[in-house]
Amino acid sequence: MALIENIRVFVRVLELGSLSAAGRHMRLSPAVVSHRLQQLESHLGVRLLNRTTRRVRPTEHGSAFYEACQDVLATLERAEATVADAGRLPRGTLRITAPLGFGRQFLAPLLPDFREAHPEVSVQLRLSDHVIDLLAEGMDVAIRMGNLADSSLIARRIADCPQVVCAAPDYLARHGEPAEPADLLKHACLILRLPGARPVRWVLSSPDGPVTLAVSGPVDADFGEILTEFALRGHGIVMKPLWEVADYLREGRLVPVLPDFPPPPISVSVVYPHRRLVAAKTRAFADFMIDRGAAAIQAALGTGAQSSAA
């Protein structure tokens, strides 16, 4: 089994780009990772990797060996699943990441039910509005909102959620209500800006097609809930998934802005690394969220839809 473990280390180093990242993912020290690679290269009698201080790159032999290893590991996984019974109960630690607001509103009440249904699965939850690299951070599954740029991930849609542009009545009383999308350029817009993301653009629908606006304002943050708080205090206009502000719309603390020019819906998906065999715990969580998560979102949207139509 030492050879198989050394191959797994080699594959993970190439996928993550460094010994330290592979070590974090596999819970091994960089020294152990380096030793396993040396053992593998000695066993094969060829150099597999060219190493620099920051990254590793495969040699010609290393690239060819990596392709062959994919088939070897997939075959081994299928064999292990057959012996262990592919229909076994989900078990082990499930590492989940999700946006903070979604985690508070939906995952917090739903995860106890998931644990009751799958008592042999323990959960580690990491909430962040930043997009986390699942492989680099050792996460099993994520809840993602919006377009998914990483084609190496399996994405299963939970729901498509309307978005709403809204503000406090006090702000609109002081600054006037926008009549058309271009008017937003004259207003204080509250911006969700994540490190490394593209420049912020708001997209609204119109009879002539989508309207894209380079909005700006006095506040931008990488934490969505603080923008809601600023909007509630009358500091500007915010764009939010409807479920995040449904209660405030119902209470009248926020009101829709430009309701005839709505933003396009935003997709909520459960995503996990692409593998030929997905762990039972991961598949169970994805199935659970598509069922229970979708129902919870639709319940929240029902409240929001009534308030924005009122």
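Residues numbered from 1 in each chain as written. Predicted model: local features only at pLDDT ≥ 70, side-chain atom pairs only at ≥ 80, totals over all residues. Heavy atoms only, no water.

### Notes on the nonpolar core
Part 1 of the argument: Ranked by size, the top nonpolar core spans 44 residues in total, and within it Phe102, Ile143, Ile158, Phe285, Met289 and Ile297 carry the most contacts.
Part 2 of the argument: With 9 residues, helix H10 (residues 280-309) is the largest single contributor of residues to this core.
Part 3 of the argument: Setting aside its immediate chain neighbours within four residues, isoleucine 143 contacts Thr97, Ala98, Pro99, Phe102, Ile158, Val268, Ser269, Val270, Phe285 and Met289. (Core = buried A, V, L, I, M, F, W, Y, C linked by side-chain atoms within 4.5 Å. Buried < 20%, exposed > 50% of the residue type's maximum accessible area, 1.4 Å probe, protein only. Helix = DSSP H or I, 4+ residues; strand = E, 2+ residues; numbered from the N terminus. Contact = heavy atoms within 4.5 Å.)

### Examining the pairing of strand E3 (residues 92-98)
Part 1 of the argument: Burial runs high along E3: 5 of the 7 residues are buried.
Part 2 of the argument: Summarising the sheet, E3 and strand E5 (residues 141-145) pair through 2 bridges and their orientation is parallel. Looking across to E5, one finds that isoleucine 96 is bridged to valine 141. (Pairing = 2+ DSSP bridges.)

### Comments concerning the sheet that holds strand E13 (residues 255-256)
Part 1 of the argument: Within the open sheet, the 5 strands sit side by side as E11-E8-E12-E7-E13. Their pairing is mixed. A single partner strand is all that each edge strand has here, and the edge strands are strand E11 (219-221) and E13.
Part 2 of the argument: Against the sheet, helix H8 (residues 224-232) engages strand E8 (189-192), E11 and strand E12 (237-241), with an angle of about 170° to E8.
Part 3 of the argument: Across the sheet, helix H9 (residues 242-251) touches strand E7 (163-167), E12 and E13, and the angle it forms with E12 is around 120°. (Axes fitted to C-alpha atoms, helices over the stretch in contact; angles between N-to-C directions.)

### Description of the environment of leucine 28
Part 1 of the argument: With respect to the secondary-structure elements, leucine 28 resides in the loop between helix H2 (19-26) and helix H3 (30-44).
Part 2 of the argument: A relative accessible area of 26% means that leucine 28 is categorised as partly exposed.
Part 3 of the argument: In this structure leucine 28 touches Val9, Gly23, Val33 and Arg36, once residues within four positions along its chain are discounted.

### Digging into H8
Part 1 of the argument: Turning to H8, its buried residues are Gly224, Leu227, Thr228, Ala231 and Leu232. The buried residues of H8 occupy an angular sector of 140° when the element is viewed end-on, so they sit on one face.
Part 2 of the argument: Looking at the buried side of H8, the elements it contacts are E8, E11, E12 and H9.
Part 3 of the argument: A positive backbone phi angle near 85° is found at glycine 234, which sits one or two residues after H8. (Arc of directions from axis to C-beta.)

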